[in-house]
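Now for the letters of each chain:
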Amino acid sequence: MASPFDLTGRTALVTGANTGIGQGIALALAQAGATVVAAGRSDLTETLALIAEAGGTARPLKVDLQEQGIAPRVIAQAEALAGPLDILVNNAGIIRRADALDFSESDWDEVINVNLKATFFLAQAFAKSAVAAGRGARIVNIASLLSFQGGIRVASYTASKSGLAGLTKLLACEWAQKGINVNAIAPGYIESNNTEALRADPDRNQAILARIPAGRWGKPSDIGGAAVFLASDAAAYMHGAIIPVDGGWLAR
Ligand code: NAP
């Protein structure tokens, strides 16, 4: 009997797949049977090697999501590499840290452009292709605990991830009846480049760890299972959910 979590025969585009959470998700989707287009602005060799070692299939796609108007091209290139896309994981994201009193306009614009604007226009281009072909599809956005909480020193990041939670719900409402499920994962504190500065600060590191019921930082592989679930038939009735995968942080 086929597992409802099986992704054999599906194609997935994962942005920011060269490292961190995107790499963990790309590997998990490939392990579940999907053909993965691993997209990123940096070298994707490590991700391709991990997927090949696991017996999966992946294609690399170089993209810089800061580029104006790039979204339709990214979707077209991904479909040229792997065929019509069934799954989009909007994972690429950046963070800038400064006190709100000193926060610069460029740190605002860059973060909003990648985390919110590129995410929306990728979803739009992906959905246009799926709707035109009458194909059901899945979008998984990578939100954050700062989709629910304020945080400190990350004004544009919190604005982008809170906006992404709203956008996930709006797109879920507009596209559910077109056969597209739009959901998000809100990772907790995960070991990646994004959190390097926090882990390097002994006081912040200790304060964060003390609040995590699981008693440890998360790993990129901790996020993969939720992505497989949301991309699979098992999540057919999921629309507009933002699922925390946070070691219990929000439950505290
Ligand atoms: P990361 O290791 O810094 O990964 C971010 C990824 O996004 C990298 O692949 C990065 O590429 C890519 N990226 C950034 N700007 C891009 C651009 N202009 N064009 C294309 N790709 C771009 O951090 P991460 O923690 O894995 O972050 C992945 C996602 O999870 C982000 O959306 C982040 O906000 C979210 N998140 C992370 C945490 C956490 O605790 N780590 C918690 C909640 C949410 P480069 O390697 O070239 O920079």
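As named in an unreviewed UniProt entry, the protein is 2-dehydro-3-deoxy-D-gluconate 5-dehydrogenase KduD, taken from Bosea massiliensis. According to the UniProt record, the Sequence similarities (unreviewed entry) comment for the protein is "Belongs to the short-chain dehydrogenases/reductases (SDR) family."

Counting secondary structure elements, the protein contains 8 helices and 7 strands. Computed over the C-alpha atoms, the radius of gyration of the protein is 17 Å, within 12% of the 18 Å expected from 2.2 N^0.38 for a compact globule of 252 residues. For the protein, the spread of C-alpha atoms along the three principal axes comes to 50 × 40 × 35 Å. Looking at the protein as a whole, 50% of its 252 residues are labelled buried. Carbon and sulfur atoms make up 53% of the accessible area of the protein, which totals about 11,300 Å².

Moving on to the pattern of salt bridges. A full pass over the atoms with the stated rule returns 7 salt bridges. Between Arg73 and Glu67 there is a salt bridge, with the nearest N and O atoms lying 3.1 Å from each other. Looking at Glu67, the relative accessible area reads 40%, which means it is partly exposed. Residues joined in a network through salt bridges with shared partners are Arg96, Asp107 and Glu110.

Here the focus is the site of the ligand. Looking at the ligand, there are 29 residues lining it, with Asn18, Ser42, Asn91, Tyr157 and Ser192 nearest. Contact between the ligand and Gly16: an oxygen atom at 3.2 Å from a main-chain N or O atom of the residue. Between Lys161 and the ligand, the recorded distance is 2.9 Å, taken from a side-chain N or O atom to an oxygen atom. In isolation the ligand has 880 Å² of accessible area, and contact with the protein removes 93% of it. Residues that form the shell around the ligand fall into these classes: 12 nonpolar, 14 polar and 3 charged.

So, how was this worked out
- Residues numbered from 1 in each chain as written.
- Predicted model: local features only at pLDDT ≥ 70, side-chain atom pairs only at ≥ 80, totals over all residues.
- Heavy atoms only, no water.
- UniProt positions renumbered as here; feature names shortened; annotations may be inferred.
- Helix = DSSP H or I, 4+ residues; strand = E, 2+ residues; numbered from the N terminus.
- Rg over C-alpha atoms; globule rule 2.2 N^0.38 Å.
- Buried < 20%, exposed > 50% of the residue type's maximum accessible area, 1.4 Å probe, protein only.
- Areas by Shrake-Rupley, 256 points an atom, 1.4 Å probe, with all protein chains shown as cover.
- Salt bridge = Lys/Arg side-chain N within 4 Å of Asp/Glu carboxyl O.
- Near = heavy atom within 4 Å.
- Polar contact = N/O pair within 3.5 Å; in protein donor to acceptor, adjacent residues only side chain to side chain.
- Nonpolar A, V, L, I, M, F, W, Y, C, P; charged D, E, K, R; others polar.

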